[in-house]
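Listed here are the chains, written in short residue letters.
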Amino acid sequence: MKKGPGRRPLSAKRQRFLQLREQGWSIRAAAREAGVSRATGNRWSSGYKTCRHGVVTGFVPALDPRAMRQISARFLSQDERVEIADLRQAGLSIRRIAGQLGRAPSTVSRELRRNATRAGGYRPFEAHRRSTARRTRAHPRRIETSTELGQLVGELLARRWSPQQISRHLRQRFPGQPGMWLCHESIYQAVYQPRSPLRRPSPLAPHHRSPLRTGRDHRRAHQHPGRRRPRFEQPMLTIRQRPFDPLDRSEAGHWESQWCCQAAVTCWGGVAA
C-alpha cells in the first residue's frame, strides 16, 4: 500500500466492523469476522494517539458509524475525496479533476476550500471526518422552537396521554397546520433528552418523575432478536415428543405409574367433593 494522501484505508473491512458493532458484537468478535486484528478493532472503536519521536502529536478519533453509511450520490464520498487529493497532488487543475470525477468544478473548488488545512493542503480522510461532523450537527426540535406546541404537549403528558395519542390528537386538532404536528418518536426524544422541561412529576402520578405512563426517563436497550439469550438452554418438549412410550418401564427413572395418576385424580376429586 503506497504512502501519501492517496493511501486507501480498509474501507470495506471498517464498514463490516461497524455493522457488526451496531448489531451488538464485541470488539474481538467483530474484528475476527471483519478480518482485522483485535488492536485495530480497539483503535477503530476508541481512537488512538499519534506519536513522533516519543512525543504525542495528535489524536485520531474513533470511527463514526455515520461515516461508513451509504449516503446520497450527490454528496462526495470518501473515495472521491481520496481521488481529489491524488489528482491535486499530481498538478491537475480543478476543471480537469471535476471532469474525471464527473462533478461540477464548483463542487471540487468548494471541497478544497472548505476542508483545507491550516497550511493550505488537503487531507482526504480529515476532510471526510469534517463532513461527517457537519452532517450530524444538532438541529433544534419543533417542540422547542414553538412555545404553543411545547405547552400543549406538556399539558397532555400531565394528563397521562401517551405520545401516540398526542400525535394523533395534534393532526386532528390542527388539520391545516403541519407545523403543529409531531410524530410520537419526536415526543419520546424530547422527554428522554437531558434536563428536559417535560420531565417533571404530573398531578396524576406525583411519584413518577417522568410524564410517561411507564415512568421511564431513559430508553431501554433492546438487544437484537438473533442474539438474545433464550430462557432455557434446550427447547421444552411435550410428552408427545418423548423418545419413549410413557407406559414403557424398561428404563429406570422413566416409570410413570398409571396407579399414581389415578390416585392423584381420586384424591383431588375427593377434596373437591
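Keep in mind the model is a prediction, meaning the values are calculated, not measured.

The rules we used
Residues numbered from 1 in each chain as written. Predicted model: local features only at pLDDT ≥ 70, side-chain atom pairs only at ≥ 80, totals over all residues. Heavy atoms only, no water. Helix = DSSP H or I, 4+ residues; strand = E, 2+ residues; numbered from the N terminus. Buried < 20%, exposed > 50% of the residue type's maximum accessible area, 1.4 Å probe, protein only. Contact = heavy atoms within 4.5 Å. Salt bridge = Lys/Arg side-chain N within 4 Å of Asp/Glu carboxyl O. pLDDT = per-residue confidence, 0-100. Phe/Tyr/Trp six-rings, centres within 6.5 Å; stacked < 30°, edge-to-face > 60°. Arc of directions from axis to C-beta. Polar contact = N/O pair within 3.5 Å; in protein donor to acceptor, adjacent residues only side chain to side chain.

Undergrad: For this particular structure, what's the right way to read the environment of Gln 100?
TA: Within the secondary structure, Gln 100 sits in helix 6 (residues 94–101). Among the residues examined, Gln 100 registers a relative accessible area of 47% and is labelled partly exposed. Taking the C-alpha atoms as reference points, Gln 100 and Ile 84, separated by 16 residues in sequence, lie 9.5 Å from one another. Aside from chain neighbours lying at most four places away, what touches Gln 100 is Leu 87 and Leu 92.

Undergrad: Please explain the pattern of salt bridges as it appears in this structure.
TA: Close approach of charged atoms allows side chains of opposite charge to pair. According to the stated counting rule, one finds six salt bridges in the structure shown. Glu 126 is paired through a salt bridge with Arg 129; the nearest N and O atoms lie 2.8 Å apart. Of this pair, Glu 126 and Arg 129 both sit in helix 8 (residues 124–135), three residues apart, which is roughly one turn of the helix. The exposure class assigned to Arg 129 is partly exposed, which follows from its relative accessible area of 34%.

Undergrad: Explain the confidence of the model for the protein chain to me, please; I cannot follow it from the model alone.
TA: Note: predicted coordinates in regions of low pLDDT should not be interpreted at a detailed level. Looking at the protein chain, pLDDT values average 79 and 74% of them are 70 or higher. At the level of individual helices and strands, the protein chain shows its lowest average pLDDT in helix 13 (residues 258–272), which scores 49, and its highest in helix 11 (residues 163–173), which scores 94. Confidence drops under a pLDDT of 50 for residues 1–7, and excluding neighbours within four residues, the segment shows 13 contacts in the predicted structure.

Undergrad: What exactly am I supposed to notice about the packing of aromatic side chains here?
TA: Evaluated as defined, the whole model comprises two aromatic pairs. Ring centres 5.5 Å apart and planes at 65° place the aromatic pair Phe 17 and Trp 44 in the edge-to-face group. Here the residue Phe 17 occupies a position in helix 1 (residues 11–22), and Trp 44 occupies one in helix 3 (residues 38–46), the gap between them amounting to 27 residues. Take Phe 17 and Trp 44: they sit in the same class, and that class is buried. Between the aromatic rings of Tyr 188 and Tyr 192, the centroid separation amounts to 6.0 Å while the plane-to-plane angle is 25°, which identifies the pairing as stacked.

Undergrad: What exactly am I supposed to notice about helix 3 here?
TA: Because an α-helix packs 3.6 residues into every turn, residues spaced three or four apart end up facing the same way. For helix 3, the complete set of buried residues consists of Thr 40, Gly 41 and Trp 44. One face of helix 3 carries all of its buried residues, which in axial projection span an arc of 100°. Gly 47 sits one or two residues past helix 3 and shows a positive phi near 85°.

Undergrad: Looking at this structure, how should I read the environment of Ala 12?
TA: Structurally, the position occupied by Ala 12 is in helix 1. For Ala 12, a relative accessible area of 62% translates into the label exposed. Note: C-alpha distance between Ala 12 and Ala 34 (22 residues apart in sequence) is 8.7 Å.

Undergrad: Got a minute to help me understand the side chain of Glu 111 in this structure?
TA: By the element assignment, Glu 111 lies in helix 7 (residues 105–114). A polar atom in the side chain of Glu 111 sits 2.9 Å from the side chain of Arg 81. Contact partners of Glu 111, with chain neighbours within four places excluded, come to Leu 76, Arg 81, Ile 84, Tyr 122 and Ala 127.

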